[in-house]
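Residues per chain are reported as follows:
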Amino acid sequence: MSSIKIRKICCIGAGYVGGPTMSVIADKCPDIEVRVVDINKERIAAWNDNDLNNLPIFEPGLDQIISRTRGRNLFFSSDMEKSISYADMIFISVNTPTKTKGLGAGKASDLSWVEASARQVAQYANGHTIVVEKSTLPVRTAQAIKEILKTTIRENQKNETTKTFSVLSNPEFLAEGTAINDLEKPDRVLIGGEDPQAINALVNIYLNWVSSDQIICTNLWSSELSKLAANAFLAQRISSINSISAFCEATGADIKEVAKAIGTDKRIGNQFLSAGPGFGGSCFKKDILNLVYLSGYFGLPEVANYWNQVVLLNTWQQDRIYKIVLEKLFGTVNGKNIAILGFSFKANTNDTRESPAIRISCELLEEGAFLSIYDPKVSIERMKEDFENHSFDNPMIWKMANSIQEALQNADAVLILTAWDEFFGLDWNYLASFMRKPAWIFDTRSVVNREEIKNTGLNLWKLGEGT
Ligand code: UDX
């Protein structure tokens, strides 16, 4: 099949998906020029910063790729018009947050940025352009993008007769913290579309480093739905194991043993079975709520209810944890010092979006606790923003600690919420000396070994471990 040779790529959106994805494409395809654009000038400046520690996102391995490719065939800019007009292929990789108001508020995705991007593409593109949806989008959004591209051209028809577009869906499955590895060695690449030449052009890009049997081509709607469904299935597994963790605590079973026992069944598999304080991150909740909204829209209330339960269980798990802390500390945390270890939604990222730590911390603050929060990567500005989004009846009293030891100073309890490497194998004998007795460790990520706290005088509660 004849195929279009892509020489110039533009990506609209320099965020968690656009930045790393384009860096890897530029790295693997040195003959393609890749331009990443964003209206946020500060973010672009950070991507262009000479000090690679100032990149806007932290991903292991990203800085090395940036140092190889930036200025060679990878460029970050805020010049939309130029970057779009010169590209043969444009990725749309912008935010699609959950709507906060209007129809579908709290569930449906806000597509304003996608729509604005499509309009800009329609305005500035030249000749034939392949438009690739990279953002996670509700099923049938490609149709909306097509409509916008078509009508905008029709409106300006006199001078625009040479513009044509093909729309593809190419959802991203990368997880934060392992983004580079996920991009370089993906389980699969999914491409949805109707135009075989456009599909082929995108397949050829991936063939530079992904084998053909890992590239799945589907129709547009299957591709869009697969992304939502994959995230919903993953989140459902976490809610499932978390529901069983509560059962373990009630019965004396041990969630790690149960996870191992069920995970050895090949049909179930052993991945994604770690019980914890619930899933966070920018995708799971948003995508499930989107699925819930769309199920309702398409007249499938039972399907909507089924998936909504995954989110409800996740919130319940977080509330359950703060209530256990309260109960163990004699029913009150008012005026007590609690150390929080880990604020990001998982280890190896500075991202706190939907982090269970936010909700749990807010509940404890609301109960009058004083929190001392330590996270190896999350900045104090980020924490402030996260707390500012919540209203409190009590005055908020928290501080960021610069070390584990500082966080534990005079603490009545320590609550471990993220499984950062440095939280494993701690010298609890030494750390216990900083705490006020009787003191508790609440371990929601199974990082503390019961042996380690023997003879320390500390009490240990572990999520999913029955007594
Ligand atoms: C997820 C998907 O994995 C990825 O494919 C998609 O593209 C984006 O959403 P991400 O949100 O970066 O990626 O993180 P992930 O590693 O999937 O973890 C999500 C949340 O689930 C975290 O809060 C994590 O702590 C939690 N989790 C994960 C568990 O509680 N237990 C597990 O066994 C796995």
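Values in this document were obtained by computation on a predicted structure and should not be read as measured data. (Residues numbered from 1 in each chain as written. Predicted model: local features only at pLDDT ≥ 70, side-chain atom pairs only at ≥ 80, totals over all residues. Heavy atoms only, no water.)

Visitor: Tell me what's going on with the site of the ligand, and back it up with residues and numbers.
Guide: Around the ligand, a shell composed of 20 residues is seen, among which Phe173, Leu174, Glu176, Ser274 and Arg445 lie nearest. At 2.6 Å from an oxygen atom of the ligand is found a main-chain nitrogen or oxygen belonging to glutamate 176. Note that an oxygen atom of the ligand is positioned 2.9 Å from one of the side-chain N or O atoms of lysine 346. Coverage of the ligand by the protein amounts to 90% of the 660 Å² it exposes when considered alone. Here the shell around the ligand takes 4 residues from helix α9 (residues 220-251), the largest share from any one element. Considered class by class, the residues forming the shell around the ligand number 11 nonpolar, 4 polar and 5 charged. Lining the shell around the ligand are residues from two domains, each supplying at least three of them: domain 1 (8-218) and domain 2 (286-292 + 300-462). (Near = heavy atom within 4 Å. Polar contact = N/O pair within 3.5 Å; in protein donor to acceptor, adjacent residues only side chain to side chain. Areas by Shrake-Rupley, 256 points an atom, 1.4 Å probe, with all protein chains shown as cover. Helix = DSSP H or I, 4+ residues; strand = E, 2+ residues; numbered from the N terminus. Nonpolar A, V, L, I, M, F, W, Y, C, P; charged D, E, K, R; others polar. Domains from an automatic or database assignment.)

Visitor: Got a sec to walk through unusual backbone geometry? Specific residues and values, please.
Guide: For the bond from lysine 437 to proline 438, the omega torsion is 0°, close enough to zero to count as cis. Counting through the fold element by element, proline 438 comes out in the loop between α16 (428-432) and β13 (440-443). You will see that asparagine 348, though not glycine, has its phi angle at about 65°, which is positive. Assignment of secondary structure puts asparagine 348 in the loop between β9 (337-341) and α13 (356-366).

Visitor: Help me get a handle on helix α1 (residues 18-28), residues and values and all.
Guide: An α-helix turns once per 3.6 residues; consequently, residues spaced three or four apart project the same way. Most of α1 sits inside the fold, with 10 of its 11 residues counted as buried. For α1, every residue scored as buried is listed here: Gly18, Gly19, Pro20, Thr21, Met22, Ser23, Val24, Ile25, Ala26 and Asp27. (Buried < 20%, exposed > 50% of the residue type's maximum accessible area, 1.4 Å probe, protein only.)

Visitor: Before we move on, could you go through the nonpolar core and cite the residues and values that matter?
Guide: Ranked by internal contacts, the top residues of the largest apolar core, which has 42 residues, are Ile9, Met89 and Ile205. With 7 residues, helix α8 (residues 196-206) is the largest single contributor of residues to this core. Apart from residues lying up to four places away in sequence, isoleucine 205 is in contact with Ile6, Ile9, Ile25, Cys29, Ile32 and Met89. Ile84, Val114, Phe279 and Leu289 belong to the second largest nonpolar core, which has 41 residues in total. (Core = buried A, V, L, I, M, F, W, Y, C linked by side-chain atoms within 4.5 Å. Contact = heavy atoms within 4.5 Å.)

Visitor: Explain the sheet that holds strand β14 (residues 459-462) residue by residue, including any values.
Guide: As summarised here, the arrangement of the 6 strands in space is β11-β10-β9-β12-β13-β14, forming an open sheet in which the pairing is parallel. In this open sheet, the two strands that pair with only one neighbour each are β11 (398-400) and β14. Pairs of neighbouring strands in the sheet enclose a mean axial angle of 20°, with direction left out of account. Bridge count for strand β10 (residues 370-374) against β11 is 3 bridges, and the pairing is parallel. Bridged to leucine 371 within β11 is tryptophan 398. (Pairing = 2+ DSSP bridges. Axes fitted to C-alpha atoms, helices over the stretch in contact; angles between N-to-C directions.)

Visitor: Please give an account of the environment of glutamine 318 that cites residues and values.
Guide: With respect to the helices and strands, glutamine 318 occurs in helix α12 (residues 301-328). For glutamine 318, a relative accessible area of 6% corresponds to the buried category. Separated by 43 residues in sequence, glutamine 318 and serine 361 place their C-alpha atoms 9.9 Å apart. Sequence-distant contacts of glutamine 318, that is, excluding residues within four places in its chain, are made with Pro277, Gly278, Phe279, Pro356, Arg359 and Ile360.

Visitor: So what's going on with the pattern of salt bridges? Which residues, and what values?
Guide: Taken as a whole and assessed by the stated rule, the structure comprises 22 salt bridges. One salt bridge connects aspartate 351 with arginine 353, and the closest N-O pair in it is separated by 2.8 Å. On the basis of relative accessible area, aspartate 351 is assigned to the buried category, the value being 3%. One salt-bridge network, in which partners are shared between bridges, spans Glu176, Asp351 and Arg353. (Salt bridge = Lys/Arg side-chain N within 4 Å of Asp/Glu carboxyl O.)

Visitor: For the packing of α12 against α13, give the residues involved together with the corresponding values.
Guide: Packing of α12 against α13 leaves a shortest axis separation of 9 Å and a crossing angle of 40°. For the element pair α12 / α13, the angle class is oblique. In the packing of α12 onto α13, the handedness of the crossing is right-handed. Here Thr315, Gln318, Asp319, Ile321, Tyr322 and Val325 of α12 come into contact with α13, specifically with Pro356, Arg359, Ile360, Glu363 and Leu364. Across the contact of α12 with α13, the residue classes tally to 6 nonpolar, 2 polar and 3 charged. (Parallel < 35°, antiparallel > 145°, perpendicular 65-115°, else oblique. Left-handed = near helix turned anticlockwise from the far one by under 90°.)

Visitor: So, the packing of aromatic side chains: which residues are in play, and what are the values?
Guide: This structure, assessed with the given rule, holds 13 aromatic pairs. Measuring from centroid to centroid gives 5.4 Å for tyrosine 206 and tryptophan 209, while their planes differ by 50°, and the two rings are tilted. Pairwise contacts between aromatic rings join Phe233, Tyr306 and Trp307 into one cluster. In this structure, arginine 35 is placed above the aromatic ring of phenylalanine 75, and the distance from its NZ or CZ to the ring centre is 5.0 Å. Just above the ring of phenylalanine 58 sits the side chain of lysine 377; from NZ or CZ to the centre is 4.2 Å. (Phe/Tyr/Trp six-rings, centres within 6.5 Å; stacked < 30°, edge-to-face > 60°. Lys NZ or Arg CZ within 6 Å of the ring centre and 35° of its normal.)

Visitor: Give a description of the packing of α9 against α12 that names residues and reports values.
Guide: Between α9 and α12, the least distance of the axes is 9 Å, while the angle of their chain directions is 40°. The angle between α9 and α12 falls in the class oblique. The two elements α9 and α12 meet at a crossing, and its hand is left-handed. Of the residues in α12, those touching α9 at Ala232, Phe233, Ala235, Gln236, Ser239, Asn242, Ser243, Ser245, Ala246 and Glu249 are Tyr306, Trp307, Val310, Leu313, Asn314, Trp316, Gln317, Arg320 and Ile324. A per-class count over the contact of α9 with α12 returns 10 nonpolar, 7 polar and 2 charged.

Visitor: How would you sum up the side chain of glutamate 176? Please name residues and give values.
Guide: By the element assignment, glutamate 176 lies in the loop between β6 (164-169) and α7 (179-184). Given a relative accessible area of 10%, glutamate 176 falls into the buried group. A polar contact of 3.1 Å, which involves the side chain of glutamate 176, links it to the side chain of threonine 349. Dropping the residues within four chain positions of it, glutamate 176 is found in contact with Tyr16, Glu59, Ser282, Phe345, Lys346, Thr349, Asp351 and Arg353.

Visitor: Could you give an account of the domain arrangement of the protein, naming the residues involved and the relevant values?
Guide: Each assigned domain of the protein is listed here: domain 1 (8-218) and domain 2 (286-292 + 300-462). Of the residues lining the interface, 15 residues belong to domain 1; the matching set on domain 2 comes to 14 residues. Carbon and sulfur atoms supply 47% of the area buried between domain 1 and domain 2, which totals about 1,200 Å² over both sides. Three residues, Phe58, Lys107 and Glu176, lead the burial of domain 1 against domain 2; their summed loss comes to 48% of the area buried on that side. Of the charged contacts, one joins arginine 353 and glutamate 176 as a salt bridge, the two residues approaching to 3.4 Å between their closest N and O atoms. Put simply, domain 1 and domain 2 have 6 residue pairs in polar contact (both at pLDDT 80 or more) between them. A class-by-class count of the residues in the side of domain 1 that touches domain 2 yields 7 nonpolar, 6 polar and 2 charged. (Buried area = accessible area lost by both parts, 1.4 Å probe.)

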